[in-house]
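# Working through the structure, step by step
Read off the chains here:
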Amino acid sequence: MRGILGLFGKSPFGALQNHMEKVKECINLIEPMMEALFAEDFDEVKRIAKEVMKLEHDADEVKNSIRDHLPKSLFLPVDRRDLLVLLSAQDDLADYVEDLGVIFTLRRTKVPEALRQPMSTFVASVLRVFGKSVELIDQLDELLEASFGGPESEKVMQMIQEVERLEWEADKRQYKVAQELYAQEGKVSILDIMVLVEALQKLGQIANSAESIGKQVRLFISK
Amino acid sequence: METGALLLVPTIAAGLYVAWNIGANDVANSMATSVGSGALTLRRAVLVAALCNVAGAILAGVHVTHTVQKGIVDTSLFVGSPERLAYGMLAALIAAGLWLQLATYCGLPVSTTHSIVGGVAGFGLIHGGLGAIEWEKFLQIVASWLISPLAGGVLAFGIFIYINRKIISADNPGQAMRRHMPVLVFAMSAILCLSLLYKGLKNLHLSFPLGSALGVALLAGGLACLLGRVLIDRALARHLTSDRDGFALIERMFMYLQVLTASYVAFSQGANDVANAVGPVAGALSVVRDGFVSQKVHVHTWLLAVGGLGIAVGIATWGYKVIATIGHRVTDLTASRGFSAEFGTATTVLVCSKLGLPVSTTHVLVGAVVGVGMARGMAALNLRVISTILKAWLVTVPIVAALAMLIYRLFLIL
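Just so you know, these numbers come straight off a predicted model, no measurement behind them.

Definitions and limits used
All residue numbers here refer to positions counted from 1 along the written sequence of the relevant chain. Key to labels: chains lettered from A, ligands numbered from 1, both in the order written. Residue-level local features of this predicted model are given only where pLDDT is at least 70; pairs of side-chain atoms are given and counted only at 80 or more, and the full residue set underlies all totals for whole chains, interfaces and linings. Helix and strand definitions follow DSSP, with helices as H or I runs of at least four residues and strands as E runs of at least two, each counted in order from the N terminus. Whether a residue is buried, exposed or partly exposed follows from its count of other C-beta atoms within 10 Å of its own C-beta, namely 20 or more, 12 or fewer, or something in between, respectively; the C-beta atoms are built from the backbone. The contact rule is simple: place each C-beta atom from the backbone, and if two of them lie within 7 Å, those residues are in contact. Think of it as three bins: nonpolar holds Ala, Val, Leu, Ile, Met, Phe, Trp, Tyr, Cys and Pro, charged holds Asp, Glu, Lys and Arg, and polar takes everything else, Gly as well. At least two DSSP bridges between two strands are required for those strands to pair. As a rule, the C-alpha atoms of each element are fitted with a line to give its axis, helices using only the stretch in contact, and angles between N-to-C directions run from 0 to 180 degrees. Any angle that is under 35 degrees is reported as roughly parallel, and any over 145 degrees as roughly antiparallel; angles of 65 to 115 degrees are reported as roughly perpendicular and all others as oblique. Crossings are classed by handedness, with left-handed meaning an anticlockwise turn of the near helix from the far one by less than a right angle and right-handed meaning a clockwise turn. When buried Ala, Val, Leu, Ile, Met, Phe, Trp, Tyr and Cys residues are joined through C-beta atoms within 7 Å, the set is termed a nonpolar core. Helix span, expected: 1.5 Å multiplied by one less than the number of residues in the helix. Confidence of the prediction at every residue is given by pLDDT, a number between 0 and 100.

## Focus: the overall build of chain B
- In terms of regular secondary structure, chain B is built from 13 helices and one strand.
- Ordered by position in the sequence, the α and β elements of chain B form the string α-α-α-α-α-α-α-α-α-α-α-α-β-α.
- Of all 414 residues assigned to chain B, the portion counted as buried reaches 60%.
- Relative to all contacts within chain B whose residues are 6 or more apart in sequence, the contacts with residues 24 or more apart total 88%.

## Structural notes on the interface of chain A and chain B
- At the junction of the two partners, chain A supplies 27 residues and chain B supplies 37 residues.
- Within the residue set of the side of chain A that touches chain B, elements represented by two or more residues are α1 (3-7), α2 (12-27), β1 (74-75), α7 (140-145) and α8 (150-182) of chain A.
- Counting residues per element, the side of chain A that touches chain B draws most heavily on α1(A), which supplies five residues.
- Considered class by class, the residues forming the side of chain A that touches chain B number 15 nonpolar, eight polar and four charged.
- Note: β1(A) against strand β1 (residues 381-382) of chain B, two bridges, orientation antiparallel. Bridge pairing in β1(B) places F75(A) opposite L381(B).

## Focus: the packing of helix α11 (residues 335-354) of chain B against helix α12 (residues 361-374) of chain B
Residue and element names in this part refer to chain B.
- At a closest axis distance of 8 Å, the pairing of α11 and α12 adopts a crossing angle of 135 degrees. By the criterion of interaxial angle, the relationship of α11 to α12 is oblique. The handedness of the crossing between α11 and α12 is right-handed. Across the interface between the two elements, R337, S340, A341, G344, T345, T348 and V349 from α11 touch T361, V364, L365, A368, V369, G371 and V372 from α12.
- Each residue belonging to the contact of α11 with α12 can be placed in one class, and the counts come to seven nonpolar, six polar and one charged.

## Points about the nonpolar core
All names here are of chain B.
- A95 and A404 are the most contacted members of the largest nonpolar core, which has 213 residues in total.
- Per element, the largest residue contribution to this core is 23 residues, and it comes from helix α9 (residues 246-290).
- Setting aside residues up to four positions removed in sequence, A95 forms contacts with G119, G122, V400, L403, A404 and I407.

## Observations concerning the environment of A312(B)
All names here are of chain B.
- Note that A312 resides in helix α10 (residues 301-329).
- By the C-beta count within 10 Å, which is 25 here, A312 ends up buried.
- Each C-alpha atom, one on A312 and one on V27, is 9.3 Å from the other, the two residues being 285 residues apart in sequence.
- Every residue in contact with A312, bar those within four places of it in the chain, is listed here: G23, A50, N53 and V54.

## Quick notes on α12(B)
All names here are of chain B.
- When the terminal C-alpha atoms of α12 are compared, their 20 Å separation across 14 residues agrees well with the 20 Å that a helix rising 1.5 Å per residue should span.
- Extensive coverage of α12 is indicated by the burial of 13 of its 14 residues.
- Downstream of α12 by one or two residues, R376 has phi in the positive range, about 60 degrees.

## What about the environment of I58(B)?
- As for its position among the elements, I58(B) is in helix α2 (residues 42-60).
- In this structure the C-alpha to C-alpha distance between I58(B) and R178(B), which are 120 residues apart in sequence, comes to 36 Å.

## Describing the confidence of the model for chain B
Residue and element names in this part refer to chain B.
- For chain B, per-residue confidence averages 79 on the pLDDT scale, and residues scoring 70 or more make up 87% of the total.
- Mean pLDDT across the elements of chain B bottoms out in helix α3 (residues 62-71) (57) and peaks in helix α6 (residues 135-168) (87).
- We note a pTM of 0.82 for the whole complex and an ipTM of 0.80 for its interfaces.

## Points about unusual backbone geometry
- Although it is not a glycine, S147(A) adopts a positive phi angle of roughly 50 degrees.
- Residue position: S147(A) is located in the loop between α7 and α8.
- If you check the backbone angles, R376(B) has positive phi at about 60 degrees while not being a glycine.
- Mapped onto the secondary structure, R376(B) falls in the loop between α12 and β1.

In structure tokens form, the structure reads like this:
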């Protein structure tokens, strides 16, 4: 009688962490891409953008296999829809990095000298939001072990608040960079400004998606 | 009774066949959770399962045997033709054994208990029509199939909530474990002891009235509780300095409890399931020996031992493969979850067995696992399995009954 064997479904939480690993590989390429852009090494930018595309594709495959293994008959300790929204948020991150690569390869965009420093600090603050959201996903094991309650859930709640605070900081930085960028009116090509505006928006969306990971984990706990 | 004597060998053989099936499949599920969580190695799981099953069969097996063998079919109908009862029981055993083997081959979650009940009901129908079946008893048994997984689920849910609130989610898990783990040890030991003493040991002619059994059980529980406390203190002193993450230590402690409960499950399974194999044999044997249908069939300890051994052989020859397969797959099940599910299962099965209701351990275990899942303790449970199990429930009894009817008819022609 092997009935009980079928009772244990494949846990989606480990797979969610695997997916986040792939996303992290994409995100880790943002800084080298920016450096190549600042150095106006456009071949390198193109190479990195291609690498991001490949990694994003890998992440997609992990994502699809998670979705395939989440039939409605699966009974989870968290809401199935919340889990899928979390997965989407993670997946958006990889998509946005891919978009960023595409934006930078559209033309040979020059980043004005005055913008490089504020832009780097903005990227760093976006990466901090992301880094914290990765920690959050890493805590899913412990959360599951604690059945999404107790001191562990309080600890995770604090981490979520930290993610939200970091995202707010990233927002402020984005505002500053945007101000700096528009101040370049007349000094640099209008097309450069347009491309950079788009890039800033993508980076801002990365911070937003990282924050929404926190929101979903919050729903896990409060279920 | 010449035909009766001829029946002896095939009846015992068929009983062993069913016992083998129980050992090969049923037992595996309870042990697999321990192997999956790493609490037991495969070799030890097989050994523990075999020993506890035989012990359970011999020490606590007698009551259920009466129910399956005598309760469903009105034996007074066979007074005029006792050898027919023997044939019928043999037919029921063969039908159940065949169906079990087929179901196992197809990977269907079928209960040995349900099969044997179906088989006995089948030949009863042929012999005496609808009136031969003790419908009230039959319905009671059917109801217990539905109630027992629910009971297992509720118990496991409660136990897991307790563990989670009091130990896992405590501010200081080490101290919480020191305080609450002995409570669990106490409850477990006391219940096991009570069921052993109060009704179980009749075969050793050790019968305790409820009062003194309760006293002894509480005493044994208290002793186990103290022993547990000492062991936990030692473990805490040794590990807590190096182990900053409390979960790992908690789970390690629960592994010991899980081994205890796994033995407890195997014991209660032995007590409960041996009846499936041995009940019909006992019925047939009494006919062969006495030449008439007695009001009360004595199930000798040696017969229970034979059933227990048959189960043990099943575990040794095929069960370990099933344990290995399942154990490998259920690695997500941590020791605290496994303990909750097994404790809930064992208690339910023992209580049912004491009430004389043959229940399926696996189905109770499924209910218990789902119960832990309801308490947000499981990563992912595939609830589609439940519908498969329900289908198997619906199908098993009629199929085995029909099969038993066919075989019984064949016997009558021969």
